[in-house]
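Close look at the chain arrangement
Listed below, chain by chain, are the residues.
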Amino acid sequence: MKEIIGELIPPTRVMMTPGPSCMDPRVYRAMSAPLVGHLDPWFLEMMNDVQVLLRRVFQTENRITYPVSASGSGGIEAAVLNPLEEGDECIVCANGMFSERMAVIAERSPAKVIRVEAPLGRTVDPEDIRRAGKGKKIKFVGLAHGETSTGVVQRLENYRKVADELGALLIVDTVASLAGIPLNVDRERIDICFSGTQKAISAPPGMAPITINSRVEDVIRARKKKVESWYFDITPIMTMWGTERNYHHTPPVSLIYGLREALRIVLEEGLEARWERHQRNQQALVAGIEAMGLELFVSDPADRLVTVTAVKIPAELEDRKVRQQLLDEFNIEIAGGIGKTKGQIWRIGLMGYSSQNTNVLLFLAALEKVLLDQGRRLPAGAGVATAIRSYQASGQQVAVGARK
Ligand SMILES: *Cc1c(COP(=O)(O)O)cnc(C)c1O
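Residues numbered from 1 in each chain as written. Predicted model: local features only at pLDDT ≥ 70, side-chain atom pairs only at ≥ 80, totals over all residues. Heavy atoms only, no water.

**A look at the overall build of the chain**
Helix and strand counts for the chain stand at 13 helices and 14 strands. Its C-alpha radius of gyration of 22 Å places the chain within 12% of the 22 Å reference for a compact globule of 404 residues. Referenced to the eigenvectors of the C-alpha coordinate spread, the extents of the chain come out at roughly 65 × 55 × 55 Å. Relative to its full complement of 404 residues, the chain shows a buried share of 59%. Across the chain, every contact between residues at least 6 apart in sequence was considered, and the portion connecting residues at least 24 apart equals 73%. Summed over its atoms, the accessible surface of the chain is roughly 17,600 Å², and 53% of this surface lies on carbon and sulfur atoms. Charge separation in the chain, taken as the distance between the mean sites of 50 positive and 48 negative side-chain charges, equals 1 Å. (Helix = DSSP H or I, 4+ residues; strand = E, 2+ residues; numbered from the N terminus. Rg over C-alpha atoms; globule rule 2.2 N^0.38 Å. Buried < 20%, exposed > 50% of the residue type's maximum accessible area, 1.4 Å probe, protein only. Contact = heavy atoms within 4.5 Å. Areas by Shrake-Rupley, 256 points an atom, 1.4 Å probe, with all protein chains shown as cover. Lys, Arg positive; Asp, Glu negative; His and termini not counted. Charge placed at Lys NZ, Arg CZ, Asp CG, Glu CD.)

**Here we look at the domain arrangement of the chain**
Domains assigned within the chain are domain 1 (25-267) and domain 2 (271-393). Centre-to-centre, using C-alpha coordinates, domain 1 lies 29 Å away from domain 2. Contacts between the two partners involve 29 residues from domain 1 and, on the opposite side, 23 residues from domain 2. Of all the elements in the fold, those that place two or more residues in the side of domain 1 that touches domain 2 are α2 (41-58), α4 (97-106), β6 (146-147) and β7 (152-153). (Domains from an automatic or database assignment.)

**Quick look at empty space enclosed by the protein**
All told, the structure shown has 2 cavities of 30 Å³ or more when counted by the stated rule. Around the largest cavity, the lining is made up of 12 residues, and of these D24, S202, I265, R274 and Y353 lie nearest the centre. Only α9 (253-269) and α10 (271-291) provide two or more residues apiece to the lining of the largest cavity. It is α9 that provides the largest number of residues to the lining of the largest cavity, a total of 3 residues. Both domains that meet at the lining of the largest cavity, namely domain 1 (25-267) and domain 2 (271-393), each give it at least three residues. Taken as a whole, the second largest cavity encloses approximately 40 Å³ of empty space. Sort the elements by how many residues they give to the lining of the second largest cavity and strand β11 (residues 308-312) lands first, with 3 residues. Partitioning the lining of the second largest cavity into residue classes produces 6 nonpolar, 3 polar and 1 charged. (1 Å grid on protein atoms, 1.4 Å probe; cavity = no way out; pocket = protein on both sides within 12 Å on 5 of 7 lines; lining within 4 Å. Points joined across faces, edges and corners; volume = space filled by probe spheres on them. Nonpolar A, V, L, I, M, F, W, Y, C, P; charged D, E, K, R; others polar.)

**Overview of the sheet that holds strand β13 (residues 335-336)**
In a beta sheet, neighbouring strands are held together by backbone hydrogen bonds and run either parallel or antiparallel to one another. Within the open sheet, the 3 strands sit side by side as β11-β14-β13. Their pairing is antiparallel. Strands with a single pairing partner mark the edges of an open sheet, and in this sheet they are β11 and β13. Relative to strand β14 (residues 345-349), β11 is paired through 5 bridges, and the arrangement is antiparallel. Pairing of K312 across the sheet is with I345, part of β14. Those strands touched by α10 are β11 and β14, and its axis lies near 5 degrees from that of β11. (Pairing = 2+ DSSP bridges. Axes fitted to C-alpha atoms, helices over the stretch in contact; angles between N-to-C directions.)

**A few points about the pattern of salt bridges**
Per the counting criterion, the structure on display carries 28 salt bridges. Residue R115 is joined to E107 by a salt bridge in which the shortest nitrogen-to-oxygen separation is 2.7 Å. A salt bridge links D128 to R131; its shortest N-O distance comes to 3.1 Å. Taken together, the residues D128 and R131, both in helix α5 (residues 126-133) and 3 residues apart, mark about one turn of the helix. Accessibility expressed as a relative area gives 26% for D128, which makes it partly exposed. Members of the salt-bridge network, linked through shared partners, are R160, D164, R189, D191 and R215. (Salt bridge = Lys/Arg side-chain N within 4 Å of Asp/Glu carboxyl O.)

Here it is as structure tokens:
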């Protein structure tokens with residue numbers, strides 16, 4: 001006879017990975033609200049609220065702004081498959097696993113994909129894009145704002161400029177950056193921008209907010225053939241999120257409740273205050289890490305992504321053992337490398353609700369204990385002390401939790 005499987009009781013973790021991040025208790029409460037039908041007039045009104053909130057967070061007036069019912073990778077699919085057609089060429093800036101994924105997905109379309117690469121831990125040189133696109137008709141230039149696999153941020157204005165020169169659309173993956181670092185879709189003239197809910201927004205995983213401007217609407221309207229994906233075809237989905245309210249698929253009602261509350265929290269805090277909090281906490285983390293004699297993977301401080309900090313693993317330490325001990329003894333989860341950085345780096349996420357000074361100080365103290373246990377010599381208390389000084393220098397009291 002099969003044993004009875006027990007009640008679900010997950011551990012309570014401090015999630016300091018590049019997603020999912022911890023969630024505010026208000027988001028859990030919102031998700032436990034009663035289900036309604038997705039065609040219920042009340043739900044249709046609620047969908048409008050979510051679109052309004054998303055426009056404010058993306059900072060856009062775009063009509064087409066809604067959460068794709070899929071994880072961040074579904075956002076990539078929707079973003080690249082909708083504009084691409086047979087005979088098109090596009091450029092994808094590949095400087096890590098997630099931007100590489102954009103190229104891999106675009107290759108499922110009938111279009112030709114030109115990769116412009118950069119070494120891991122570096123940004124793509126706009127000059128290389130210029131050279132790759134010269135004399136060609138390029139449909140879009142696509143890139144990751146924050147490349148989560150290496151902890152690299154790319155400044156968008158340079159890429160917008162090259163895309164303009166090539167007469168191309170600009171597609172930006174902001175899965176790891178929206179609501180964590182400065183981003184303004186309309187001002188930065190991003191044609192298609194998408195994100196994920198489980199990172200700096202701190203909603204549950206499973207949705208990919210997307211926004212597209214009227215220029216892209218025109219491109220999609222002029223398509224000769226249907227989009228090579230039924231589920232991610234934006235046109236029929238917009239009749240669900242738009243005024244017609246046609247059924248396309250059943251959206252994840254409870255996740256949308258959670259997203260609505262998470263977006264409300266983002267806007268209550270204020271985007272600028274939220275960006276500053278992320279910055280302050282990463283500054284303290286980086287100061288602490290360096291004081292412990294560890295080295296960052298991204299050598300140029302200007303290229304470091306505020307939401308994900310990549311740290312080189314010293315040769316004498318075992319990646320898995322360190323992460324396992326952090327989890328077992330402190331309930332702290334950090335990530336290792338992925339793809340080509342596997343075994344080389346740790347990735348520490350400070351995203352959304354997880355970006356708290358209490359988490360930074362706890363993590364630095366925990367890491368010191370773990371490293372000492374595993375035989376590394378380091379100056380006693382240096383990580384925590386340096387982080388505290390960093391907070392003091394930024395004018396913030398230490399014993400303050402999230403969203404203050
Ligand atoms: C996490 C992430 C993705 C993928 O999101 P999933 O929700 O795991 O599908 C894509 N791009 C970037 C930049 C990410 O950080």
